[in-house]
Amino acid sequence: MPKSVFRITHLCRSRVPPILAASLALLLGACAVGPNFKKPAAPEIGSITAKPLVDTTSVPDTVAGRSQRFIDGADISADWWTLFHSAPLNALIEQSLAKNHDLKAAQAALLVTRENVLAQRGAYYPSVAANFSATRQRQSGQISPALNENVFLYNLFTPQVSVSFVPDVFGLNRRTVESLQAQEQEARYQMIATYTTLTSNVAVTAIQVGAVQMQIAATHDLIDSAENTVRILRYQFDKGYAGGLDVAAQEAQLAQFAATLPPLAKQEAQLRDQLAVLAGRFPSEAPETNFDLSTLELPADLPVSLPSALVAQRPDVLQAEANLHDASAKIGIATANRLPNILLSANAGSSAAQMSQLFTEGTGFWGIGASITAPIFQGGQLLHQERAAKAAYEQAAEQYRSTVLTAFQNVADTLTALQQDAEAVKAAAHAAEAAKVTLDLAQRQWQSGYAGYLALLSAQQAYQQGRISLIQAQANRFSDTAALFQALGGGWWHRTELAHQP
């Protein structure tokens, strides 16, 4: 047992006023056992990607064909989605931020942890309680009467006030508050992660809705063209200019085009249902807004955070850091639980046989005291709890390192995807343009009798695949741009309601 504790016990047993002993105990509480948390250092690396980033390829006169430039160290806007210049998208994200229930649940969870911190801080102060008891009893005649009146049947009224205080000598309460504060930070960054995920999910889902709508429109165009070809072939078949095989082949082609519509319609409905839920609505209240990709503007300048800034921006990394802080504080809690605990107490009141006699001369009483409790034998429980807390800290440290690596991987993968997306749009645009030229030539040559029908069927298939591939490439580029803003933290530190710490 520490010598300071024995000194406190000696003071309480001596004639030194108890208030002085309590004051000395408070002075001894200036230090807290256990490790003091140190914020992990930022990774000592110069860049996020293995190769230097270069400006992406430009594809003129093509949706999502704009060149993008990566700017090292640039900051991220709080409302980055406005860079797409889509009023329907802006409105939908604002609705989601106001009504999404997952975000509201995360905000409520943060409030829970904040109130737990405030509740634990109450242990810094003395506890005061008032009590009043009223009894009527008959005492045995074989013992002396309890009252001065020498009566054996009497009433007893006792109001009193009790005060107790536990000096935080070894920092148990401070470490507990520290742990709860770290848990509050965990909940805070979890709420911020919910915010960044929500904004990104709404943007990406809206982009996917627009892509599916464009695929449906392209498929309808192909179906209209195929139906026109079927009408021509049937007319030629009736006149004897075309064979039944040609008619059957074109009808099969038409059926294949039509068969691609139901899956696309299903996907669009599911995406709209998802948008409704993200906005805090029922699927029956899904927005009917069209998100045409051709109305979106691809951001030209993309920020790339420095490695030291990334770990201070990503909510998952900050949450892992708060978890590490919590684990550090719990080592101090486990250590303090193995040390003595001091209790200071006092009470004062009045006791009388009649209510009218309360607080009169001779009825008052008071008491003051101190006690110390120290664990001696607990079957090894406290020792192993301390060891478990230290192991939990090591676990949290490794989880933090893993989270940092995953965060850097996420950003690097997204940057690589954006560079490849530009190449994909370029290749898909050229392929779609070539397929359109081929289809036009095949149709004219077929109508003029210079080309066979199989060449027309092949051109129709290539054109359909080319248009769909281009739409998907364009959607991927918009989606990965939104994903980059999320991967870099989403700019939450510029929103007052998220950056403010009470």
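Residue numbers here run from 1 along each chain, matching the order of that chain's written sequence. Restriction of local features to residues with pLDDT of at least 70 applies here, the model being predicted, together with a cutoff of 80 or more for giving and counting side-chain atom pairs; totals for whole chains, interfaces and linings are based on all residues. Note: side-chain values were computed over all heavy atoms of the structure, leaving out hydrogens and water.

Q: Help me understand the overall build of the chain in this model?
A: Only DSSP runs of H or I covering at least 4 residues are called helices, and only runs of E covering at least 2 are called strands; the numbering of each starts at the N terminus. Within the chain, the secondary structure is distributed over twelve helices and six strands. In terms of overall dimensions, the chain is more spread out than a globule: its C-alpha atoms have a radius of gyration of 38 Å, far above the 23 Å expected for 502 residues. Its C-alpha atoms give the chain principal-axis dimensions of about 135 × 55 × 40 Å. Among the 502 residues that make up the chain, the fraction classed as buried is 41%. The contact definition used throughout considers only heavy atoms, calling two residues in contact when any of these lie within 4.5 Å. Long-range pairs, those at least 24 residues apart, make up 83% of the contacts in the chain with a sequence separation of at least 6. Put simply, the chain has 36 plus and 41 minus side-chain charges, and the middle of one group is 12 Å from the middle of the other. This radius of gyration counts C-alpha atoms alone. The globule rule is 2.2 Å times how many residues there are, raised to the power 0.38. Burial here depends on accessible area, computed with a 1.4 Å probe over protein chains only, as a share of the maximum for the residue type. Under 20% is buried, over 50% is exposed, and the range in between is partly exposed. Charge counting follows a simple rule: Lys and Arg are positive, Asp and Glu are negative, and His as well as the terminal groups are ignored. A charge is said to be at NZ when it belongs to Lys, at CZ for Arg, at CG for Asp and at CD for Glu.

Q: Help me understand the nonpolar core in this model?
A: As a rule of thumb, soluble globular proteins bury nonpolar side chains together. To define a nonpolar core, start from buried Ala, Val, Leu, Ile, Met, Phe, Trp, Tyr and Cys residues and group those joined through side-chain atoms within 4.5 Å. By size, the foremost hydrophobic cluster in this structure holds 82 residues, and its most contacted members are Leu 293 and Phe 478. What Leu 293 contacts, discounting residues up to four positions off in sequence, is Val 63, Ile 207, Gly 210, Ala 211, Met 214, Ile 471, Ala 475 and Phe 478.

Q: Where do I start with the environment of Arg 401 in this structure?
A: Its place among the elements puts Arg 401 in helix H10 (residues 381-448). Overall, Arg 401 belongs to the partly exposed group, its relative accessible area being 46%. Considered as a pair, Arg 401 and Ala 429 are 28 residues apart in the sequence and their alpha carbons are 42 Å apart. Two N or O atoms form a polar contact when they lie within 3.5 Å of each other; inside protein one atom must be a possible hydrogen donor and the other a possible acceptor, and for residues adjacent in sequence the pair counts only when both atoms belong to side chains. A polar atom in the side chain of Arg 401 sits 2.7 Å from the side chain of Glu 398.

Q: Is there a simple way to think about the packing of helix H4 (residues 101-121) against helix H5 (residues 172-239) in this case?
A: Packed helix pairs are specified by the crossing angle of their axes together with the interaxial distance, meaning the distance between the axes. Axes here mean lines fitted to C-alpha atoms, for a helix over just the part in contact, with angles spanning 0 to 180 degrees between N-to-C directions. At a minimum axis distance of 9 Å, the contact between H4 and H5 shows a crossing angle of 170°. For the element pair H4 / H5, the angle class is roughly antiparallel. Along the lines of polarity and charge, the residues of the contact of H4 with H5 split into eleven nonpolar, nine polar and five charged. Comment on the angle field: the value is read as roughly parallel under 35 degrees, roughly antiparallel over 145, roughly perpendicular from 65 to 115, and oblique elsewhere. Think of it as three bins: nonpolar holds Ala, Val, Leu, Ile, Met, Phe, Trp, Tyr, Cys and Pro, charged holds Asp, Glu, Lys and Arg, and polar takes everything else, Gly as well.

Q: Before we go on, may I ask you to explain the pattern of salt bridges in this structure?
A: Side chains that carry opposite charge are capable of pairing whenever their charged atoms lie near each other. We define a salt bridge as a contact between a side-chain nitrogen of Lys or Arg and a carboxyl oxygen of Asp or Glu at a distance within 4 Å. Summed over all chains, the structure comprises 16 salt bridges. Between Arg 338 and Glu 386 there is a salt bridge, with its nearest N and O atoms 2.7 Å apart. Of this pair, Arg 338 sits in the loop between helix H9 (315-336) and strand S5 (341-350) while Glu 386 is found in helix H10, placing the two residues 48 residues apart along the sequence.

Q: Teacher, can you tell me more about unusual backbone geometry here?
A: Even without a glycine there, the phi angle at Ala 64 is positive, about 65°. Relative accessible area serves as the criterion here: at 7%, Ala 64 is assigned to the buried category. If you check the backbone angles, His 85 has positive phi at about 55° while not being a glycine. With respect to the helices and strands, the residue His 85 is situated in the loop between strand S1 (69-72) and helix H3 (87-99).

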